[in-house]
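Coordinate inspection notes
Take a look at the letters that make up each chain.
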Amino acid sequence: MIQLGNNPPQEEKNSWRRQLAEFVKANQHELAALAWGLFLEKGESDDTLGIDLKPEPHFVYCPREAIETLNRNVENNLREVLGIVDNHNPEKEVLIIGIGNDQIKLIQFEVEPTPPECFEQVATDVDTLIKRLEQRMSEQIKY
């Protein structure tokens, strides 16, 4: 492939996906604890937990309306994502939308122990978990 201008090679453009997957794998229990803690704080909601990599990796909420708008803008290519969001069970699984390079990456996993048990085991508050995990993301994900 020939690159014109300052465009990074495709592999470099997509390395954030690999780095994010590695981060999630290394921090599954704390991410599960965070997801459950945020669910407890927010209750039933149309928002999905997200990780936005710009300008620095940080957690965000992705409103369902924004996901639906994006789906319309990409000719309904995100129907599967909407189905996963609709059927998400926060007591058993973690769902996070990764956002980088004008792309999204859906992260969904089940963890043992369950997210409520992970939250109980970490024995800390949501704000502390967010700070800890965002610090690790900044160290591990080079975007």
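Just above sits the structure.
Overview of the structure. Quick caveat: nothing in here was measured; it's all calculated off a predicted structure.

1. Points about helix H4 (residues 64–73)
Working note: α-helix, 3.6 residues per turn, so residues spaced by three or four point in the same direction. Burial in H4 covers these residues: Arg-64, Ile-67 and Asn-71. Projection of H4 onto a plane perpendicular to its axis shows the buried side chains occupying an angular sector of 60°, all on one side. Those residues of H4 that are exposed and angled more than 90 degrees off the buried face are Glu-65, Arg-72 and Asn-73. On its buried side, H4 packs onto strand E1 (47–52), strand E2 (58–63), helix H5 (79–86) and strand E3 (93–100). Backbone geometry just downstream of H4 places Glu-75 in the positive-phi region, at approximately 55°.

2. Here's the deal with the environment of Leu-38
Considering the arrangement of structural elements, one finds Leu-38 in helix H3 (residues 28–42). Dropping the residues within four chain positions of it, Leu-38 is found in contact with Gly-43, Leu-49, Tyr-61, Val-126 and Ile-130.

About the thresholds
- Residues numbered from 1 in each chain as written.
- Predicted model: local features only at pLDDT ≥ 70, side-chain atom pairs only at ≥ 80, totals over all residues.
- Heavy atoms only, no water.
- Buried < 20%, exposed > 50% of the residue type's maximum accessible area, 1.4 Å probe, protein only.
- Helix = DSSP H or I, 4+ residues; strand = E, 2+ residues; numbered from the N terminus.
- Arc of directions from axis to C-beta.
- Contact = heavy atoms within 4.5 Å.

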